[in-house]
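# Structural description and commentary
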Amino acid sequence: MDLYILRHGQAAERDTDLYPNDSDRPLSKCGKSITKEVAEMLKGLDLVFDIILTSPFLRALETAEIVSKALHNKKKLQITPSLAADQNPKKVILEIQKNYSYYEK
């Protein structure tokens, strides 16, 4: 199994008035632009993903959507709470082992 990890693009500035919950902060305009450039570079590498897992945080979800659209993998996008910032990283490892190990070649 090959595993690629991509951090979300640049998010909007923290603002408790606009985004009382940090998980609701979207990508900034610059973050969207750079993420699209990164997605096009990934496309140029001819990468194919069996599945794309994303945190439920808005900025991570927007990043994953941009990448999945560029790679024509929209149907393979899965939101998983185990990737949220407040979770133990072991949770996502266990989730991958339990639910996605059948993708292994």
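Structural data are supplied above this passage.
A brief report on the enclosed structure follows. This one's a predicted model, so the numbers in the text were calculated from it and none came from an experiment.

### Quick notes on helix H1 (residues 29–44)
The end-to-end C-alpha separation of H1 is 23 Å, in line with the 22 Å expected for 16 residues at 1.5 Å each. Of all the positions in H1, only Gly31, Thr35, Ala39 and Leu42 are classed as buried. For H1, the angular spread of the buried residues around the axis is 70°, confining them to a single face. Projecting away from the buried face of H1 at angles above 90 degrees are the exposed residues Lys29, Met41 and Gly44. The inward-facing, buried residues of H1 abut helix H2 (58–70). Of the residues flanking the end of H1, it is Asp46, one or two places downstream, whose phi is positive at about 55°.

### A look at the nonpolar core
Grouped together as the largest cluster of nonpolar side chains are 13 residues, with contacts concentrated most on Ala39, Leu42, Phe49, Ile52, Val67, Leu71 and Leu77. The leading source of residues in this core is H2, at 5 residues. If sequence neighbours within four positions are ignored, Phe49 has contacts with Tyr4, Leu71, Asn73 and Lys76.

### Side note on the environment of Leu47
Along the chain, Leu47 turns up in the loop between H1 and strand S1 (52–54). Exposure remark for Leu47: the relative accessible area of 19% places this residue in the buried category. Separated by 24 residues in the primary sequence, Leu47 and Leu71 have C-alpha atoms spaced 7.8 Å apart. The contacts of Leu47, once residues within four sequence positions are left out, are Tyr4, Leu42 and Leu71.

Calculation rules
Residues numbered from 1 in each chain as written. Predicted model: local features only at pLDDT ≥ 70, side-chain atom pairs only at ≥ 80, totals over all residues. Heavy atoms only, no water. Helix = DSSP H or I, 4+ residues; strand = E, 2+ residues; numbered from the N terminus. Expected span 1.5 Å × (residues − 1). Buried < 20%, exposed > 50% of the residue type's maximum accessible area, 1.4 Å probe, protein only. Arc of directions from axis to C-beta. Contact = heavy atoms within 4.5 Å. Core = buried A, V, L, I, M, F, W, Y, C linked by side-chain atoms within 4.5 Å.

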